[in-house]
Amino acid sequence: MATTPNPPAAAKTNRIGLSVIDYRGSKSTLCAGCGHNVISERIIDAYYEMGIEPERVAKLSGIGCSSKTPAYFMGRSHTFNGVHGRMPALATGATVANHTMHHIGVSGDGDTASIGMGQFAHLMRRNLPIIYIIEDNGVYGLTKGQFSATADIGSTRKTGDVNELPAIDTCALAIELGATFVARSFSGDKKQLQALLKAAIAHNGTVLLDVISPCVTFNDHEGSTKSYKFMKDHEEPLQDINFVPVFEEINVEYEEGSGIDISLHDGSKMHLTKLEEDYDPTSRIAALTRLAQAHEKDEVLTGLFYLNPNAPSFTDRLNLVDRPLATLPQEMTRPPKDVLDKIMEEFR
Ligand SMILES: Cc1ncc(C[n+]2csc(CCOP(=O)(O)OP(=O)(O)O)c2C)c(N)n1
Ligand code: SF4
Ligand SMILES: [Mg+2]
């Protein structure tokens, strides 16, 4: 007897009716196994799960393998791939021009901590509302694996050369400079990275997310401190992070005193189960002290180091109107003729 085939299962959709395919980009041209590809996957999942319209997202980047990745996620979003180290200037302009969009900047450790350092510092001190991701592999991948400024002292290249300069800790710097959500993760830590990205989307202010992202071609060997093996052996998570978006009910019950809850700008919540007693991520001093201790102990600390959900962002301080500046009519953007005439009179 002929049987009727089952109809194909409907694709799963998020709260705005889109499927995860709607958040994908072009096929990656990066090396197979590159940590950057995994981060793109997490970004796709995070925006899909948060139900953000892709058309409401602007992606900014500089130059490097990492800076190429915005082409590989959210193909329906807006993208500007700029000059090496200049993503922050682009991001500042784009954010001020239309702060009703979600802005995400992707940079590399070279793009940020070498040529882009000046721009990075000023973006952090302004608390611009943007997610700034550093895909951190300790090398300039695109130009064939020179040490970057985040390479740890004593780490070796494949050729055996030893890095003799101390690393710049971009997280410590970001906290010092004024960023209001500062975290480090590892491309191989799916749960932690996903929770941090979703919380980052809910935050109003600068999110600096440094993600250790091994370069399988130039920096994944014995002796490297940014390899998959080194990270698997040395990652020290500060907390177990659970994120509950504002549109979902909290259905996980936590034992009293098992951690801390933090409310984010949009009403979403983070529950941090402490793996270290007494760590307070709302204290800048605690964060800077703990990062300094991690350096002394050669630990690769990950997790949420610092969060201030209440500080005004750059666009709050500017008191911008809630619409793109380019759509404002002339009557709102220039003084009327009689006022201009009066000013001109004063110069006669
Ligand atoms: C003004 C300028 N200087 C130098 C370069 C060469 N360059 C291209 S990418 C890059 C470094 C990229 O390293 P990183 O940001 O860590 O990205 P990765 O490739 O490791 O992801 C350099 C030095 C350039 N493109 N432009
Ligand atoms: S060279 Fe390194 S950073 Fe660049 S795509 Fe290949 S693995 Fe990734
Ligand atoms: Mg790099």
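What counts and what doesn't
Residues numbered from 1 in each chain as written. Chains lettered and ligands numbered in written order. Predicted model: local features only at pLDDT ≥ 70, side-chain atom pairs only at ≥ 80, totals over all residues. Heavy atoms only, no water. Helix = DSSP H or I, 4+ residues; strand = E, 2+ residues; numbered from the N terminus. Rg over C-alpha atoms; globule rule 2.2 N^0.38 Å. Buried < 20%, exposed > 50% of the residue type's maximum accessible area, 1.4 Å probe, protein only. Contact = heavy atoms within 4.5 Å. Areas by Shrake-Rupley, 256 points an atom, 1.4 Å probe, with all protein chains shown as cover. Near = heavy atom within 4 Å. Polar contact = N/O pair within 3.5 Å; in protein donor to acceptor, adjacent residues only side chain to side chain. Nonpolar A, V, L, I, M, F, W, Y, C, P; charged D, E, K, R; others polar. Pairing = 2+ DSSP bridges. Axes fitted to C-alpha atoms, helices over the stretch in contact; angles between N-to-C directions. Salt bridge = Lys/Arg side-chain N within 4 Å of Asp/Glu carboxyl O.

A.B. asks: I'd like to hear about the overall build of the protein, residue by residue, with values.
C.D. replies: Of the regular secondary structure elements, the protein holds 12 helices and 13 strands. In terms of overall size, the protein behaves like a compact globule, its C-alpha atoms giving a radius of gyration of 22 Å where 348 residues would be expected to give roughly 20 Å. Considered along the principal axes of its C-alpha atoms, the protein spans approximately 75 × 75 × 45 Å. Looking at the protein residue by residue over its 348 residues, the buried ones come to 48%. Look at the contacts in the protein between residues 6 or more apart in sequence, and 70% of them connect residues 24 or more apart. With an accessible surface of roughly 17200 Å², the protein has 54% of that area assigned to carbon and sulfur atoms.

A.B. asks: Outline the site of ligand 1, supporting the account with residue identities and numerical values.
C.D. replies: The immediate surroundings of ligand 1 are formed by 17 residues, with Ser66, Asp109, Gly110, Asp111 and Gly141 found nearest. Leucine 142 places a main-chain nitrogen or oxygen 2.9 Å from an oxygen atom of ligand 1. For the shell around ligand 1, the secondary-structure elements that each account for two or more residues are helix H2 (65-68), helix H4 (109-113) and strand S5 (139-140). No other element matches the three residues that H4 contributes to the shell around ligand 1. Its residues assigned to classes, the shell around ligand 1 shows six nonpolar, nine polar and two charged.

A.B. asks: Explain the environment of valine 182 residue by residue, including any values.
C.D. replies: Relative to the helices and strands, valine 182 is located in strand S7 (residues 181-186). Residue valine 182 is classed as buried on the basis of its relative accessible area, which comes to 0%. Note: C-alpha distance between valine 182 and alanine 172 (10 residues apart in sequence) is 8.5 Å. For valine 182, the contacting residues outside a window of four places in its chain are Cys171, Ala174, Ile175, Leu208, Gly303, Leu304, Phe305 and Tyr306.

A.B. asks: Please set out the sheet that holds strand S13 (residues 300-307) residue by residue, giving values where relevant.
C.D. replies: In sheet architecture, strand pairing relies on hydrogen bonds along the backbone and comes in two forms, parallel and antiparallel. The strand order across the open sheet formed by eight strands is S2-S1-S3-S4-S8-S7-S13-S9, and the pairing between neighbours is mixed. One side of each edge strand has no neighbouring strand; the edge strands of this open sheet are strand S2 (78-81) and strand S9 (235-237). Taken over all neighbouring pairs, the strand axes of this sheet differ in orientation by 20° on average, direction set aside. Pairing geometry for strand S4 (residues 130-136) and strand S8 (residues 206-212), over seven bridges, is parallel. Note that in S8 the partner of isoleucine 133 across the bridge is leucine 209. Sitting on the sheet, helix H5 (residues 117-126) touches S4 and S8, and the angle it makes with S4 is about 140°. Across the sheet, helix H7 (residues 190-202) touches strand S3 (102-108), S4, S7, S8, S9 and S13, and the angle it forms with S7 is around 155°.

A.B. asks: Talk me through unusual backbone geometry; I want residue IDs and the actual numbers.
C.D. replies: At methionine 74, a residue that is not glycine, the phi angle is positive and equals roughly 45°. Summarising the element assignment, methionine 74 is placed in the loop between H2 and S2.

A.B. asks: Tell me about the pattern of salt bridges, and name the residues and values.
C.D. replies: Applying the stated criterion across every chain, the model contains 14 salt bridges. With a shortest N-O distance of 3.2 Å, aspartate 45 and arginine 42 are connected by a salt bridge. Residue aspartate 45 and its partner arginine 42 are located together in helix H1 (residues 35-50), separated by three residues, close to a single helical turn. Of the two residues, aspartate 45 and arginine 42, both sit in the buried class. Of the charged contacts in the structure, one is a salt bridge between glutamate 49 and lysine 198, with a shortest N-O distance of 2.7 Å. Here lysine 198 lies in helix H7 and glutamate 49 lies in helix H1, a separation of 149 residues in the sequence. Each of Asp22, Glu55 and Arg76 takes part in salt bridges that share partners, so that together they form one network.

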